[in-house]
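Okay, here's what each chain looks like letter by letter:
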Amino acid sequence: MKKLYIETLGCQMNKSDSERIAGILSHFGYVETENEKEADLLIVNTCSIRQLAEDKAYSKLGVWGKRKKSKPDLKIAICGCVAQQDKEKISKRAPYVDLIFGTHNIYELPQIISRIENNEKICAITNKAYECNQNDFKIIRKDSVNAWIPIIEGCNNFCTYCVVPFTRGRERSRKPEEILQEAENIIKEGFKEITLLGQNVDSYGKDLKDENITLANLLRKLNSLKGDFRIRFVTSYPSDITDDLIDAVDECNKVCKYFHIPMQSGNSHILKEMNRHYTKGQYYEIVSKIRKRFPDVAITSDFIAGFPGETEEEFQDTLNAIEELELDYSNTAAYSPREFTKAGKMTDKFLSEEIKYERLERLNEKNREVCLKSNEKFIGKVLKVLIESKTEKNGIITLNSRADNNKIVHFSDISKNIGDFAFVKINKAQTWCLYGEPVE
Ligand code: SAH
Ligand code: SF4
Ligand code: F3S
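Residues numbered from 1 in each chain as written. Chains lettered and ligands numbered in written order. Predicted model: local features only at pLDDT ≥ 70, side-chain atom pairs only at ≥ 80, totals over all residues. Heavy atoms only, no water.

(A) Examining the overall build of the chain more closely. Counting secondary structure elements, the chain contains 13 helices and 18 strands. The C-alpha extent of the chain, read off along each of the three principal axes, is 60 × 60 × 55 Å. Looking at the 440 residues of the chain, the share that counts as buried comes to 55%. Excluding contacts between residues fewer than 6 apart, the proportion of contacts in the chain whose partners are at least 24 apart in sequence is 73%. (Helix = DSSP H or I, 4+ residues; strand = E, 2+ residues; numbered from the N terminus. Buried < 20%, exposed > 50% of the residue type's maximum accessible area, 1.4 Å probe, protein only. Contact = heavy atoms within 4.5 Å.)

Below you can see the structure in the form of structure tokens.
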């Protein structure tokens with residue numbers, strides 16, 4: 001038995017990749033450990049969305065490189081977005097690395113792993129994804145309630161700030177039959193929630209050249225599978241949300257009324273500079289259409305503070321958008337210049353770190369304020385939740401759950417367990433969560 005430790009630094013897609021890597025390697029005798037010190041194979045699955053994430057990857061390698069000096073048989077691997085971005089450059093910076101594999105090469109591991117064990121050093125990075133049926137391999141999922149299914153990987157949008165098209169390549173949709181098979185397996189295994197993943201999940205099917213293969217139709221198919229489970233999908237690109245998708249969300253009782261639609265900026269000029277394919281007005285229309293259709297929907301977003309050249313007035317439009325759109329939650333970040341990207345070359349327009357972080361602070365403050373307001377709207381309402389975990393304090397057991405609209409809800413009910421659905425009447429709201437009482 002060989003021990004494997006994976007450190008995962010990125011988004012949900014990255015975490016899902018780690019579950020698949022652990023699954024593939026389990027066919028070759030590797031068992032995952034939580035204790036990196038006892039591992040025979042260390043893998044860091046990296047993210048390069050911002051400089052800080054990239055720095056974390058290299059500092060992890062540094063720590064492991066030192067360990068290898070006293071444990072020469074230790075194998076060290078790096079994969080994910082930094083690997084795809086930096087390729088063989090990594091071995092110059094960290095010569096002790098045994099394996100570098102890209103986001104397109106995960107399913108090549110069965111051909112690679114024994115060579116690494118025989119002390120070969122390998123850099124497996126291609127621009128074309130290795131094709132196979134992912135259901136031929138185990139997936140070692142970390143969660144017992146929610147299961148991720150990547151349905152489309154890559155991105156064709158080339159937002160000027162973003163490295164993802166360079167690290168994940170062009171959009172590639174998985175075949176609907178393969179996704180349905182994975183979903184059936186998940187339901188059989190007892191999972192209660194399926195989250196469909198894609199950098200632009202609403203582009204699903206565009207590359208498969210069959211107009212019937214769309215996210216909307218995939219949701220309809222998944223919804224018709226037997227079992228008590230619910231379905232989510234992230235991340236949506238604003239202008240790719242079709243009326244048919246909204247109809248499908250409405251028709252399908254298992255599909256959560258929740259949309260994650262990053263706006264990035266509330267100003268149309270900055271959106272243009274970012275190469276986002278919508279204006280502020282168009283984004284407002286999409287939000288209003290969704291809110292009209294689903295009264296208890298939650299809409300969450302991402303915003304970047306301090307994009308190159310952003311003026312104070314333009315930034316104000318972002319603050320106003322969060323408030324006017326009553327966004328339920330927003331991920332926020334200060335702009336970080338990335339290699340290969342267009343915005344990364346706009347050096348003469350870069351804002352100082354001080355301005356970026358001061359804006360980020362105001363963005364976070366606005367986010368907290370609007371989140372609380374949005375949560376308060378649910379006081380007195382009954383939400384359907386799925387219990388994800390339990391915590392015990394002073395003999396009182398609290399159930400930590402998530403409503404269909406993705407709000408975190410805490411409540412107590414001794415008759416319920418992790419993985420159960422429940423109805424909860426909300427009686428208290430805080431910035432990041434709701435509290436309530438179970439109802440029948
Ligand atoms: N595909 C999704 C987002 C993927 S990246 C979309 O189109 O919205 C996740 C988030 O990271 C982005 O929404 C963006 O807000 C943030 N991000 C991406 N590149 C960034 C950069 N260079 N600096 C700061 N934040 C960035
Ligand atoms: Fe990045 Fe834009 Fe693609 Fe999202 S849509 S992954 S932000 S390039
Ligand atoms: Fe990071 Fe790659 Fe995900 S850059 S956000 S791990 S797609």
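(B) Representation of the nonpolar core in the model. Ile 151, Leu 196, Phe 233 and Ile 290 are the most contacted members of the largest nonpolar core, which totals 69 residues. Excluding its chain neighbours within four sequence positions, the residues that come into contact with Phe 233 are Leu 196, Val 201, Leu 215, Leu 219, Leu 245, Val 249, Val 255, Tyr 258 and Phe 259. Judged by nonpolar contacts, the second largest core, of 21 residues, contains Leu 4, Ile 21, Ile 24 and Ile 116. (Core = buried A, V, L, I, M, F, W, Y, C linked by side-chain atoms within 4.5 Å.)

(C) Quick peek at the side chain of His 104. Positionally, His 104 belongs in the loop between β5 (99-101) and α5 (109-117). Reaching out from His 104, the side chain makes a polar contact with the side chain of Thr 103 at a distance of 3.1 Å. Those residues in contact with His 104, other than ones at most four positions away along the chain, are Gln 84, Thr 126, Asn 127, Lys 128, Ala 129, Tyr 130, Thr 167, Arg 168, Gly 169 and Arg 172. (Polar contact = N/O pair within 3.5 Å; in protein donor to acceptor, adjacent residues only side chain to side chain.)

(D) Expanded view of the site of ligand 2. In the vicinity of ligand 2, the contacting residues are Cys 155, Asn 157, Phe 158, Cys 159, Tyr 161, Cys 162, Val 164, Pro 165, Asn 200, Tyr 237 and Arg 276. Split into classes, the residues belonging to the shell around ligand 2 amount to 8 nonpolar, 2 polar and 1 charged. (Near = heavy atom within 4 Å. Nonpolar A, V, L, I, M, F, W, Y, C, P; charged D, E, K, R; others polar.)

(E) A look at the pattern of salt bridges. The full count for this structure, using the stated rule, is 41 salt bridges. The salt bridge partner of Asp 244 is Arg 220, with a shortest N-O separation of 2.9 Å. With a gap of 24 residues between them, Asp 244 in helix α9 (residues 243-251) and Arg 220 in helix α8 (residues 215-223) connect regions that are remote in the sequence. Take Asp 244: its relative accessible area is 33%, and that puts it in the partly exposed class. Among the residues examined, Arg 220 registers a relative accessible area of 24% and is labelled partly exposed. A single salt-bridge network, built from bridges that share partners, covers Arg 20, Arg 141, Arg 174, Glu 178 and Glu 182. (Salt bridge = Lys/Arg side-chain N within 4 Å of Asp/Glu carboxyl O.)

(F) Region of the structure containing the site of ligand 3. Around ligand 3, the surrounding shell consists of Gly 10, Cys 11, Asn 14, Thr 46, Cys 47, Ser 48, Ile 49, Cys 81, Arg 168 and Gln 199. Counted by class, the shell around ligand 3 contains 4 nonpolar, 5 polar and 1 charged residues.

(G) View of the sheet that holds strand β10 (residues 230-234). Sheet architecture is open: 4 strands sit in the order β8-β7-β9-β10, paired in mixed fashion. Here the strands that pair on one side only, and so sit at the sheet edges, are β8 (172-173) and β10. One ladder, built from 2 bridges, connects strand β7 (residues 146-153) with β8; its direction is antiparallel. Directly across from Ile 152, in β8, lies its bridge partner Ser 173. Most of the contacts of helix α7 (residues 176-188) go to β7, to which it runs at about 175°, and overall it touches β7 and β9 (193-198). Strand contacts of α8: β7, β9 and β10, with the helix running at about 160° to β10, the strand carrying the most contacts. (Pairing = 2+ DSSP bridges. Axes fitted to C-alpha atoms, helices over the stretch in contact; angles between N-to-C directions.)

(H) Structural view of the layout of surface pockets. Counted as a void, the second largest pocket has a volume near 610 Å³. Where the lining of the second largest pocket is concerned, the elements lending two or more residues are α1 (12-26), β7 and β8. Per-element tally for the lining of the second largest pocket: the top contributor is β7, with 4 residues. By residue class, the composition of the lining of the second largest pocket is 10 nonpolar, 6 polar and 10 charged. (1 Å grid on protein atoms, 1.4 Å probe; cavity = no way out; pocket = protein on both sides within 12 Å on 5 of 7 lines; lining within 4 Å. Points joined across faces, edges and corners; volume = space filled by probe spheres on them.)

(I) Examining α9 more closely. The complete set of buried residues in α9 reads Leu 245, Ile 246, Ala 248 and Val 249. Seen from one end, α9 has its buried residues packed into an arc of 160°, which puts them on one side. Check the buried side of α9 and you find it contacts α8, β10, β11 (258-260) and α11 (280-293). (Arc of directions from axis to C-beta.)

(J) Highlighting the environment of Asp 247. Considering the arrangement of structural elements, one finds Asp 247 in helix α9. According to the relative accessible area criterion, Asp 247 is partly exposed, its value standing at 26%. Once the C-alpha coordinates of Asp 247 and Lys 280 are considered, the two residues, 33 residues apart in sequence, prove to be 23 Å apart. With residues near it in sequence (within four places) discarded, Asp 247 still touches Arg 220 and Arg 293. A polar contact of 2.5 Å, which involves the side chain of Asp 247, links it to the side chain of Arg 293.

(K) Region of the structure containing the sheet that holds strand β18 (residues 434-439). The mixed closed barrel is built from 5 strands, whose spatial order is β14-β15-β16-β18-β17. Sheet twist, expressed as the average angle between the axes of neighbouring strands with direction ignored, equals 50°. The sheet contact formed by strand β17 (residues 421-429) and β18 spans 6 bridges and is antiparallel. Each residue of the ladder has a partner; that of Lys 425, found in β18, is Glu 437.

(L) How the structure looks around the packing of aromatic side chains. Here the structure, examined in full by the defined rule, presents 12 aromatic pairs. Their ring planes at 85° and their centres at 6.5 Å tell us that Tyr 161 and Phe 307 sit as a pair that is edge-to-face. Here the residue Tyr 161 occupies a position in the loop between β7 and α6 (164-168), and Phe 307 occupies one in the loop between β12 (298-305) and α12 (312-324), the gap between them amounting to 146 residues. Classification of Tyr 161 as buried rests on a relative accessible area of 9%. By relative accessible area, Phe 307 is classed as buried at 0%. Feature note: the residues Tyr 161, Phe 307, Tyr 335 and Phe 350 constitute an aromatic cluster, connected by ring pairs. A cation sits over an aromatic face here: Arg 141 above Phe 191, 5.9 Å from the ring centre. (Phe/Tyr/Trp six-rings, centres within 6.5 Å; stacked < 30°, edge-to-face > 60°. Lys NZ or Arg CZ within 6 Å of the ring centre and 35° of its normal.)

(M) Focus on α12. If you check α12, its first and last C-alpha atoms are 18 Å apart, about what 13 residues at 1.5 Å a residue would give, namely 18 Å. Turning to α12, its buried residues are Glu 314, Phe 315, Thr 318, Leu 319, Ala 321 and Ile 322. For α12, the angular spread of buried residues about the axis comes to 155°, placing them on one side. With its phi angle positive at about 50°, Glu 326 sits one or two positions after the end of α12. (Expected span 1.5 Å × (residues − 1).)

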